[in-house]
Amino acid sequence: MARVRQRWLSARSLSLHAAAIVVVSGCAIAAWWQVNRAQDGNQLSYFYSAMWPVFGVLAVYFWWMLIHTDYDTVGLKGMRRQNRQAVQADATPTVGGAVLVSRAVPGSEEDPELAAYNARLAQLAEKGPKTWRNRDEVVVRRAQ
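What counts, and where the lines are drawn
Residues numbered from 1 in each chain as written. Predicted model: local features only at pLDDT ≥ 70, side-chain atom pairs only at ≥ 80, totals over all residues. Heavy atoms only, no water. Helix = DSSP H or I, 4+ residues; strand = E, 2+ residues; numbered from the N terminus. Buried < 20%, exposed > 50% of the residue type's maximum accessible area, 1.4 Å probe, protein only. Contact = heavy atoms within 4.5 Å. Patch = residues over 30% accessible without salt bridge, like charges linked within 9 Å, V, L, I, M, F, W, Y side chains within 5 Å. Areas by Shrake-Rupley, 256 points an atom, 1.4 Å probe, with all protein chains shown as cover. Salt bridge = Lys/Arg side-chain N within 4 Å of Asp/Glu carboxyl O. Expected span 1.5 Å × (residues − 1). Polar contact = N/O pair within 3.5 Å; in protein donor to acceptor, adjacent residues only side chain to side chain. Phe/Tyr/Trp six-rings, centres within 6.5 Å; stacked < 30°, edge-to-face > 60°.

A. Up close: the overall build of the chain. Helix and strand content of the chain: 5 helices and 2 strands. Counting the 144 residues in the chain, one finds 16% classified as buried. In the chain, the share of contacts with a sequence separation of at least 24, taken over all contacts with a separation of at least 6, comes to 38%.

B. Just the side chain of serine 49, in detail. Tracing the backbone shows serine 49 in helix 3 (residues 44-68). Apart from the residues within four sequence positions on either side, serine 49 is in contact with Ala31, Gln34 and Val35.

C. Representation of a nonpolar patch on the surface. Taken together, Val54, Phe55, Leu58, Tyr61, Phe62, Trp64 and Met65 make up a surface patch of nonpolar side chains, about 680 Å² in accessible area. Here tyrosine 61 is to be found in helix 3. Given a relative accessible area of 46%, tyrosine 61 falls into the partly exposed group.

D. Representation of helix 3 within the structure. Taking 1.5 Å of rise per residue, 25 residues should cover 36 Å, and helix 3 covers 37 Å from first to last C-alpha, within 8% of that figure. Every buried residue of helix 3 is accounted for by Ser45, Ser49, Gly56, Ala59, Trp63 and Ile67.

E. Main features of the side chain of serine 45. Assignment of secondary structure puts serine 45 in helix 3. Within the structure, the side chain of serine 45 is placed 2.8 Å from the side chain of glutamine 34, a separation counted as a polar contact. In contact with serine 45, other than residues within four places in its own chain, are Gln34, Arg37 and Ala38.

F. Summary view of the packing of aromatic side chains. With the rule as written, the count across this model stands at 6 aromatic pairs. Ring geometry for tryptophan 52 versus phenylalanine 55: centroids 5.5 Å apart, planes at 80 degrees, classification edge-to-face. Taken together, the positions of tryptophan 52 and phenylalanine 55, both in helix 3 and 3 residues apart, correspond to about one turn of that helix. Classification of tryptophan 52 by relative accessible area gives partly exposed; the value is 26%. By relative accessible area, phenylalanine 55 is classed as partly exposed at 37%. Of the aromatic side chains, those joined through ring pairs into one cluster are Trp8, Trp63 and Trp64.

Put into structure tokens, the structure is as follows:
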């Protein structure tokens, strides 16, 4: 019951309800106005009188999707959670969220290319995500 109350009666949900009511009623008023203009002889208003109800239906669809989207399972937060669960279930070695690949046969030496790849993954994981604040330096420049 608390989950239903949170979904439909939270501050975010109430603002979405109010926005949906305003947008859908505005679309209905605009459609009615365009129908009246079309009856007065404005031929382009026939198109607009059909367009506004479509916008109203889209508003209802987006309202429904925003109310029923569980933000703990979608987007970046959901991907991180799924990644953590997969890593815990797999027990795959990771460094800072980057999965380390291991194709070496037990009892043999590790491939040097694979070791370099894993080292690069570990280095990138330590730096964190690349953003406008955290830019990588240029590694290779083309000869001009």
